[in-house]
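# Reading the structure
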Amino acid sequence: MNAIMNAISAPGQDTSTRTPAVAILRLLGGFQISQALYVAARAGIADELRDGARTVREVAEATGTRPDLLRRLLRSLSAEQVFAYDADQDSVALGPLGHTLCGDTDESVRDVALMWMETHYRPFAQLWSTLHDGVPAAERELGKPFFDWLGEDADRVAGFTSAMGNMMRAIRQDALDSLDLADVRHLVDIGGADGTAIASLAERHPRLHGTVFDLPHVVTAADATLARKGLADRIGTSGGDFFQAVPEGADAYLACFILHDWSDKQSTRILERVHEAAAPGARLYLVETVLGQGPAPEIATMLDLTMMGMLDGRERTLEDWRSLLDGAGFRLTGTVETAGPMCVLEAVRVDS
């Protein structure tokens, strides 16, 4: 029982006397903490504390919030190790987790906090119905599939793209760093969004050329990323629908955290388009979670719940991945566990 209590407690808290009822109440209150984190992220509180502790009144003035209510929010999030509130000085500083809500740190998930609470929060109230009829909660709440709803608003698309950039740096970078691309001439990043992933690879592999491929209204964000990093001469962009076709002739393809968004049938269709486009013997790299593997398996199960509520996708076991690849003309050749929650699945195109 103690191990369970430790797993669900805030970092650094003593759980030796916590009863099961108290532990469950803590979990049940998670939706309130999520909203408190959203408010803190939206107000930019962590950025106000980057240079050290400040009084609550100073932070309130800087963020346009009421000091009496801000104080209560900060106390609550101090219990979660996000901030460190000093009652004697009525001051607050960043806690051990606080830097993750700053706007531009390597471990920032500020944009994830904004996007999840603005797009995922309301749909999860419909999870009960999903468990009975299989319709994603988001589709019921929003009146249409999540990605269709997302694409109707440029601000939503920009927020989602920024959040995926956060996720890449926070939980996928270890996996990308493990890719051996020394002999890859041309890499296509399928669903590459703003180009953050392939840009990090191109910086480590000076001879690598590539293409960022995504929906036309999404991939436009990649031009700025590639120009800013001085990579526009080696990495291009291409807009399209990966259910219809992907860029042809590359000797390697990357799908970073893409297939988990889709059902087995939809994922197979994407993989079949890659098989049709790829050169003989081309390699395929999938950066995904593998259920039951890696140092943070709880991330995979949490994301699996996210997929249930928002999309038709799912997280998968190693055998699930092997079967999916086999069915689309790829042979799984290796799996690399990384320091983070993501794994790299390496596969090769075979003749069907």
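This is a predicted model, so every value here is computed, not measured. (Residues numbered from 1 in each chain as written. Predicted model: local features only at pLDDT ≥ 70, side-chain atom pairs only at ≥ 80, totals over all residues. Heavy atoms only, no water.)

## Focus: helix α12 (residues 196-204)
Operational definition: Each residue is assigned to one of three classes by its accessible area relative to the maximum for its type, calculated with a 1.4 Å probe on protein chains only: buried under 20%, partly exposed between the two thresholds, exposed over 50%. Helix and strand assignments come from DSSP, with helices taken as H or I runs of at least 4 residues and strands as E runs of at least 2, each series counted from the N terminus. We call two residues contacting when some pair of their heavy atoms lies within 4.5 Å.
Of all nine residues that make up α12, seven are buried, and the element is covered over most of its length. Turning to α12, its buried residues number three or more, namely T196, A197, I198, A199, S200, L201 and A202. The secondary structure elements touched by the buried residues of α12 are α11 (154-177), β4 (186-190), β5 (209-214), α13 (216-228), β6 (235-239) and β7 (252-256).

## Here's the deal with the packing of aromatic side chains
Using the following cut-off: Aromatic rings from Phe, Tyr and Trp, taking only the six-membered ring of Trp, are treated as a pair when their centres fall within 6.5 Å; an angle between ring planes under 30 degrees marks them as stacked, one over 60 as edge-to-face, and anything in between as tilted. By definition, being over a ring means that NZ of Lys or CZ of Arg is both within 6 Å of the ring centre and within 35 degrees of the ring normal.
A complete count under the given rule lists eight aromatic pairs for this structure. Between F146 and F160, the aromatic rings sit 6.3 Å apart at their centres with planes inclined by 65°, giving edge-to-face as the arrangement. A residue pair is termed long-range when its members are at least 10 positions apart, and F146 in helix α10 (residues 146-150) and F160 in helix α11 qualify at 14 residues. A relative accessible area of 2% places F146 in the buried class. Seen from their ring centres, F242 and W262 are 6.1 Å apart, and the 90° between their planes marks the pair as edge-to-face. A residue pair is termed long-range when its members are at least 10 positions apart, and F242 in the loop between β6 and β7 and W262 in the loop between β7 and α14 (264-277) qualify at 20 residues. W262 carries the same exposure label as F242, and that label is buried. Each member of the aromatic cluster is reached from another via a ring pair, and the members are F146, F147, W149, F160, F242, F243 and W262. A cation sits over an aromatic face here: R156 above W149, 3.9 Å from the ring centre. Taking the ring centre of W321 as reference, the NZ or CZ of R316 above it sits at 5.0 Å.

## With respect to the sheet that holds β4
Strand-to-strand pairing in sheets goes through backbone hydrogen bonds, with the strands running parallel or antiparallel. Convention followed: One bridge is not enough; two strands pair if DSSP finds at least two bridges between them. Angles shown run from 0 to 180 degrees and are taken between the N-to-C directions of axes, each axis being a line fitted to C-alpha atoms and, for helices, limited to the stretch in contact.
Pairing is mixed in the open sheet, where seven strands are placed in the order β6-β5-β4-β7-β8-β10-β9. Taken across any chain shown, the strands that pair with only one partner, and hence form the sheet edges, are β6 and β9 (330-337). For this sheet the average axis-to-axis angle between neighbouring strands, irrespective of direction, equals 20°. Sheet topology note: the β7/strand β8 (residues 283-288) ladder contains five bridges and is parallel. Opposite C256, over in β8, you have V287 as the bridge partner. Strands in contact with helix α16 (residues 318-326) are β8, β9 and β10 (343-349); relative to β9, the strand with the most contacts, it is inclined by about 150°.

## So, the nonpolar core
Under the convention used in this document: The term nonpolar core refers to a set of buried residues drawn from Ala, Val, Leu, Ile, Met, Phe, Trp, Tyr and Cys, joined through side-chain atoms within 4.5 Å.
Judged by nonpolar contacts, the single largest core of 42 residues is most densely connected at F146, L176, L187 and L254. Per element, the largest residue contribution to this core is seven residues, and it comes from α11. Counting residues in hydrophobic clusters, the runner-up holds 30 residues, among them A250, W321, L325 and F330.

## Notes on the environment of D326
Within the element layout of this structure, D326 appears in helix α16. Residue class for D326 comes out partly exposed when judged on its relative accessible area of 48%.

Worth remembering: the numbers are spatial, not functional.
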